[in-house]
Amino acid sequence: MENVIFDPVFSRIVCKWESILVHCPLFMEIDPDELPGLFSCLGARLHRYERGEMPLVEGKPLDQFGLVLSGEVEVAQEDAAGNRHIIGRILPGELFGETLACAGGMRSPVTVTAISPSDILDIDYGRLAGPCGNLCARHTSLIRNLLRILAEKNLMLTRKMDVLTRKTIRARVATYLLAEMRRAGYFEFSIPFDRNGLAEYLACDRSALSRELSRLRADGLLDYGRNRFSVLDASALSEAASI
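Residues numbered from 1 in each chain as written. Predicted model: local features only at pLDDT ≥ 70, side-chain atom pairs only at ≥ 80, totals over all residues. Heavy atoms only, no water.

A. Summary view of the layout of surface pockets. Quantified by volume, the largest pocket comes out at close to 1300 Å³. Lining the largest pocket are 40 residues, and of these Ile 87, Gly 88, Ile 90, Lys 153 and Met 156 sit closest to its centre. For the lining of the largest pocket, the secondary-structure elements that each account for two or more residues are β4 (84-90), β5 (95-96), α3 (98-102), α5 (139-164) and α6 (169-184). It is α5 that contributes the most residues to the lining of the largest pocket, eleven residues altogether. Among the residues making up the lining of the largest pocket, the classes are represented as 24 nonpolar, six polar and ten charged. (1 Å grid on protein atoms, 1.4 Å probe; cavity = no way out; pocket = protein on both sides within 12 Å on 5 of 7 lines; lining within 4 Å. Points joined across faces, edges and corners; volume = space filled by probe spheres on them. Helix = DSSP H or I, 4+ residues; strand = E, 2+ residues; numbered from the N terminus. Nonpolar A, V, L, I, M, F, W, Y, C, P; charged D, E, K, R; others polar.)

Structure, rendered in structure tokens:
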């Protein structure tokens, strides 16, 4: 891992990743010109992780959270039997570790791994949640935005539980793809997983997943190529989700 040091006002970080930062939900309604001062106030630090390096390891106490600026990281957890389960993938502009940081020094139950070279901005939760000595006008906006992000993540976990409680692989696949379709707002959409990743997310064997996808395509419910899917019969797919 390579630490990257910026000037005191963090101007270069905003210049390089402004297109990511302005669309990040944490900085909603905050002018880009205010971000350098906010980063200084929050004690932000930028780190570079190569593929396979781990920004967060299971068991580590956490008092900060990460914002992905480039690349992609994967959040996973191992059960008591040593089976690895993917919780999700974090893309540029998204956060990880914020729930654990809010819990106050709780040890991480998950490991976060860079699946491509990634630049990550660490933000000190204590400095975000505590009184601001600099009287930043946007400090309250940050806290409000973080609460909104936490609420949305909670809903995402609820949706995943809905997927995993389905008894058959067919029902899990259908439930997951219907949720992704609704999230995208179109019948055609992309998912953030390859076949291995999707199998781990759905807690099933990759071969069994591939067979079920082939059957769903043969039945005329959907079509796909790599991580791109098209729902052809949403009504029939909804029926498959209920089996």
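B. Looking closely at the packing of α6 against helix α9 (residues 234-241). For the pair α6 and α9, the least separation of the axes is 7 Å and the interaxial angle reads 135 degrees. Accordingly, the angle class assigned to the pair α6 and α9 is oblique. Helix-helix and strand crossings are classified by hand; for α6 and α9 the assignment is left-handed. The residues of α9 that touch α6, namely those facing Arg 170, Ala 171, Ala 174, Thr 175, Leu 177, Leu 178 and Met 181, are Ala 234, Leu 237, Ser 238, Ala 240 and Ala 241. Residue composition of the contact of α6 with α9, grouped by class: nine nonpolar, two polar and one charged. (Axes fitted to C-alpha atoms, helices over the stretch in contact; angles between N-to-C directions. Parallel < 35°, antiparallel > 145°, perpendicular 65-115°, else oblique. Left-handed = near helix turned anticlockwise from the far one by under 90°. Contact = heavy atoms within 4.5 Å.)

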